[in-house]
Amino acid sequence: MRSGERAGSAPRPRGHELSAEHVTVSYDGVDVVHDAALVLKPGEVTALVGPNGSGKSTLLRTIARLQKPRHGTLSLDAGTADAADGFDLTARQFARRVALLTQSRPTPGGLTVRDVVEFGRYPYRGRWGQADADGAEVVGRVLATTGVETLADRGVDQLSGGQLQRVWLASCLAQQTGVLLLDEPTTYLDLRYQIELLDLMRDLADDGGIAVGVVLHDLDQAAAVADRIALLSEGRVIADGAPEDVLRSERLTETYGIRVDVDTDPFTGRLRTRAIGRHHSRSERLQSTS
């Protein structure tokens, strides 16, 4: 039994390593992701960043099996006794190892927050949909973890976009998977809940040993939360490594087509990026006219 886990309590998920190699994805005969590779390791947060249309969400959806690749491999726990081909697992088997929070989901009518979160327990239910033995405890725990416990009996059609985003995240956590994939999860969230979500991702990796893969647009958020960053451009992973190795001014400037300066925040010690547009700082405008 793990430290802090009481007898009879629902087991906590353990991390899985997910490895994708040579992934190529096509739409209408045109390749939009080219020979991409990505490894998500237990206890690490990996952020996928890049311009719009760079293929980061498509790659994430492909390793979540929502998008079928033209070719490529997907391995779980390679080299261990639990090794599996991710594309060969049944839907139920895969859903016990990998969960995905998509960019947008329909708002179901006539359901409470608790109902929606309980959907995350579907991989553990019996053939006729009976509730699993650990379901109530797990649902209660993730409601508290995501800060929606007080909303449990409220209809989801009464929630704000930010509240609903956290409910869907709770549903993903209820799956108790070792890999968690999040596609632009800070969408619809105000500043407070963006930061709380980033903190939760770190907690899941650091304390739970979960492998987290997340698509982010905000480069500073990626630098703050991620152990590794994969930078995509035109459907290719052009850099993959530690934030300080990937987020370099020259590379970002070329990738995004706009000047991007990179320095270190003196308060946090983390990388900080700044895109320079036509209406740049007053001091630079003064220098250019002097």
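Source: prediction; values computed, not measured.

Visitor: Explanation requested: the overall build of the chain in the structure shown.
Guide: Of the regular secondary structure elements, the chain holds 10 helices and 12 strands. Looking at the chain as a whole, 46% of its 290 residues qualify as buried. Carbon and sulfur atoms make up 48% of the accessible area of the chain, which totals about 14800 Å².

Visitor: Help me out: how do you make sense of the nonpolar core in this one?
Guide: Among soluble globular proteins, nonpolar side chains are generally buried collectively. Grouped together as the largest cluster of nonpolar side chains are 50 residues, with contacts concentrated most on V113, V117, L169, L180, L182 and I229. A total of seven residues in this core trace back to one element, the largest contributor, which is helix α5 (residues 161–173). Formed by 26 residues, the second largest nonpolar core is a distinct cluster that contains A64, L76, F94 and A230.

Visitor: Any chance you could explain unusual backbone geometry here in plain terms?
Guide: The phi angle of most residues is negative, glycine excepted, and most peptide bonds adopt the trans form. The backbone of R65 sits at a positive phi, close to 70 degrees, despite the residue not being glycine. Along the chain, R65 turns up in the loop between α1 (56–63) and β4 (71–76). The phi torsion at E234 lies on the positive side, around 50 degrees, for a residue other than glycine. Relative to the helices and strands, E234 resides in the loop between β9 (228–233) and β10 (236–241).

Visitor: For this particular structure, what's the right way to read the sheet that holds β4?
Guide: Whether parallel or antiparallel, the strands of a sheet pair through hydrogen bonds between backbone atoms. Pairing is antiparallel in the open sheet, where four strands are placed in the order β2-β1-β4-β5. Bordering the open sheet on either side are β2 (30–40) and β5 (84–85), each of which pairs with just one other strand. The pairing of β4 with β5 spans two bridges and is antiparallel. Residue pairing for β5: S75 is matched across the bridge by D85.

Visitor: How do you make sense of the packing of α5 against helix α6 (residues 191–206) when you look at a structure like this?
Guide: Between two packed helices, what matters for the description is the angle formed by their axes and the separation of those axes. Running from N to C, α5 and α6 cross one another at 10 degrees; their axes reach a closest spacing of 13 Å. In terms of orientation, α5 and α6 fall into the roughly parallel class. From α5, R166, L169 and L173 reach across to α6, where they touch Y193, L197, L200 and L204. Across the contact of α5 with α6, the residue classes tally to six nonpolar, no polar and one charged.

Visitor: How do you make sense of the pairing of strand β11 (residues 259–264) when you look at a structure like this?
Guide: Where β11 lies against strand β12 (residues 271–276), six bridges are found, and the strand directions are antiparallel. Pairing of D263 across the sheet is with R272, part of β12. What sits between the antiparallel neighbours β11 and β12 is a turn of six residues, in which G269 has the positive phi angle 80 degrees.

Visitor: Explain the pattern of salt bridges here, please?
Guide: Note on pairing: side chains with opposite charge can pair once their charged atoms come close. Going through the model one piece at a time under the given rule, you end up with 11 salt bridges. Of the charged contacts in the structure, one is a salt bridge between E137 and R141, with a shortest N-O distance of 3.8 Å. One end of the pair, E137, and the other, R141, are both in helix α4 (residues 135–145), four residues apart, so they sit about a helical turn from each other. Given a relative accessible area of 27%, E137 falls into the partly exposed group. Taken together, the shared-partner salt bridges connect R202, D206 and D227 into one network.

Visitor: What is the right way to look at the sheet that holds strand β3 (residues 45–49) in this model?
Guide: With mixed pairing, the six strands of this open sheet are ordered in space as β6-β7-β8-β3-β9-β10. Each of the sheet's edge strands pairs with one partner strand only, and the pair in question is β6 (98–101) and β10. Neighbour-to-neighbour, the strand axes of this sheet turn through a mean angle of 15 degrees, independent of strand direction. Lying over the sheet, α1 contacts β3, β6, β7 (179–183), β8 (211–215), β9 and β10, oriented at roughly 150 degrees with respect to β7. Across the sheet, α6 is in contact with β3, β7 and β8; its angle to β3 comes to roughly 135 degrees.

So, how was this worked out
- Residues numbered from 1 in each chain as written.
- Predicted model: local features only at pLDDT ≥ 70, side-chain atom pairs only at ≥ 80, totals over all residues.
- Heavy atoms only, no water.
- Helix = DSSP H or I, 4+ residues; strand = E, 2+ residues; numbered from the N terminus.
- Buried < 20%, exposed > 50% of the residue type's maximum accessible area, 1.4 Å probe, protein only.
- Areas by Shrake-Rupley, 256 points an atom, 1.4 Å probe, with all protein chains shown as cover.
- Core = buried A, V, L, I, M, F, W, Y, C linked by side-chain atoms within 4.5 Å.
- Pairing = 2+ DSSP bridges.
- Axes fitted to C-alpha atoms, helices over the stretch in contact; angles between N-to-C directions.
- Parallel < 35°, antiparallel > 145°, perpendicular 65-115°, else oblique.
- Contact = heavy atoms within 4.5 Å.
- Nonpolar A, V, L, I, M, F, W, Y, C, P; charged D, E, K, R; others polar.
- Salt bridge = Lys/Arg side-chain N within 4 Å of Asp/Glu carboxyl O.

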